Each structure stands twice: as C-alpha cells, then as structure tokens.
Amino acid sequence: MSASGHAGAPREADVARARELLGEERRSIDNIDAALVHLLAERFSHTQRVGLLKAEHGLPPADPAREQQQIERLRSLADAAGLDPTFAEAFMRFIVTEVIRHHERIRHEGAAGA
Ligand SMILES: C=C(O[C@@H]1C=C(C(=O)O)C=C[C@H]1O)C(=O)O
C-alpha cells in the first residue's frame, strides 16, 4: 500500500516525499548523535576527575550504592520519558563499567601519572 492509500506500485511522488522525510529525520538523528558524543565526553571528563580523587585518597574505584541510586533514578526518568527502563539501565551499566575500568587504571598507574 502506498502513502496515497492505493495498493500496488508506490507513486513516484510518494517515494520522493518519503525520501525527503527520511533525509529530515536523519539530519535530526545526526544532530542528536553529535550531542550524545559531546555529553559523553563531558561526563567522562568529570568521572576522570573523580577517578583521580579516589586514587589520591585510597577510595575504591566502584561505588555500588551510588550506582544503585543512579539506576533507580534513571529507570524512573526513562519511564516518564517513554524510553524502555531496561534499555536505560543496560546503557548506564555499560558506561559505568567503562568508568570503573578507567578508575582502576588510574589507581594502578598511580594518580600522579594519570
Ligand atoms: C564516578 C564514580 O565512580 C563510579 C562510576 C560511576 C558513574 O559513572 O556514574 C558511579 C559510581 C562509581 O561506581 C563515582 O563514584 O561517582
């Protein structure tokens, strides 16, 4: 069924319009992906400073109680925003796992050399 509601081969004009809409959506997706990269870079610059503080003061790289609070908060935000909370949690855990790996590396390399 074409956009005009008829069965059979899609009309050229409908396909052209669909391509135009696709292009517009993709431009927005590219903008959002760029924002995500910048936000993640900003987040990692802060977690890097947290890693240095922890290493300098002998604090453990991971803080499971803090992570639990963050996950509960994010699940609730995701739910309110219409995003799958299970996906939001998995995404958060993926990022936090990488942060903890950085913190462990900073600790082993010595905070001063990081
Ligand atoms: C950044 C921290 O270190 C770890 C990484 C976290 C994060 O990426 O949000 C949260 C808790 C810690 O396991 C922290 O303790 O705040």
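Residues numbered from 1 in each chain as written. Predicted model: local features only at pLDDT ≥ 70, side-chain atom pairs only at ≥ 80, totals over all residues. Heavy atoms only, no water.

Observations regarding the UniProt feature "domain: Chorismate mutase" (unreviewed entry) in the chain
Turning to step 1, where the next piece is worked out: Under the UniProt annotation, the feature "domain: Chorismate mutase" (unreviewed entry) is placed at residues 16-107.
Turning to step 2, where the next piece is worked out: With 89% helix and 0% strand, the stretch residues 16-107 has end C-alpha atoms that lie 56 Å from each other. (UniProt positions renumbered as here; feature names shortened; annotations may be inferred. Helix = DSSP H or I, 4+ residues; strand = E, 2+ residues; numbered from the N terminus.)

As for the pattern of salt bridges
Turning to step 1, where the next piece is worked out: Within this structure, the stated rule accounts for five salt bridges.
Turning to step 2, where the next piece is worked out: Between glutamate 89 and arginine 93 there is a salt bridge, with the nearest N and O atoms lying 2.9 Å from each other. Here the residue glutamate 89 and the residue arginine 93 both occupy positions in helix H3 (residues 85-109), the gap between them amounting to four residues, near one helical turn.
Turning to step 3, where the next piece is worked out: Residue glutamate 89 is classed as buried on the basis of its relative accessible area of 18%.
Turning to step 4, where the next piece is worked out: For arginine 93, a relative accessible area of 38% gives the class partly exposed.
Turning to step 5, where the next piece is worked out: Across the pair glutamate 98 and arginine 101 runs a salt bridge whose closest N-O atoms are separated by 2.7 Å. Here the residue glutamate 98 and the residue arginine 101 both occupy positions in helix H3, the gap between them amounting to three residues, near one helical turn.
Turning to step 6, where the next piece is worked out: For glutamate 98, a relative accessible area of 27% translates into the label partly exposed.
Turning to step 7, where the next piece is worked out: Its relative accessible area of 43% is what places arginine 101 among the partly exposed residues.
Turning to step 8, where the next piece is worked out: Because the salt bridges share partners, they merge into one network encompassing Arg75, Glu89 and Arg93. (Salt bridge = Lys/Arg side-chain N within 4 Å of Asp/Glu carboxyl O. Buried < 20%, exposed > 50% of the residue type's maximum accessible area, 1.4 Å probe, protein only.)

Things to note about the layout of surface pockets
Turning to step 1, where the next piece is worked out: Counted as a void, the largest pocket has a volume near 390 Å³.
Turning to step 2, where the next piece is worked out: Lining the largest pocket are 16 residues, with Arg43, Leu74, Phe91, Met92 and Ile95 positioned closest to its centre.
Turning to step 3, where the next piece is worked out: Sorting the residues of the lining of the largest pocket by element identifies helix H1 (12-56), helix H2 (64-81) and H3 as the ones contributing at least two each.
Turning to step 4, where the next piece is worked out: The element that contributes the greatest number of residues to the lining of the largest pocket is H2, accounting for six residues.
Turning to step 5, where the next piece is worked out: Looking at side-chain class alone, the lining of the largest pocket contains 12 nonpolar, one polar and three charged residues.
Turning to step 6, where the next piece is worked out: The space that makes up the second largest pocket amounts to roughly 230 Å³.
Turning to step 7, where the next piece is worked out: Thr47, Lys54, Arg66, Gln70 and Val99 are, among the 14 residues lining the second largest pocket, the residues nearest its centre.
Turning to step 8, where the next piece is worked out: Looking at the lining of the second largest pocket, the elements with two or more residues in it are H1, H2 and H3.
Turning to step 9, where the next piece is worked out: Its residues assigned to classes, the lining of the second largest pocket comprises six nonpolar, three polar and five charged. (1 Å grid on protein atoms, 1.4 Å probe; cavity = no way out; pocket = protein on both sides within 12 Å on 5 of 7 lines; lining within 4 Å. Points joined across faces, edges and corners; volume = space filled by probe spheres on them. Nonpolar A, V, L, I, M, F, W, Y, C, P; charged D, E, K, R; others polar.)

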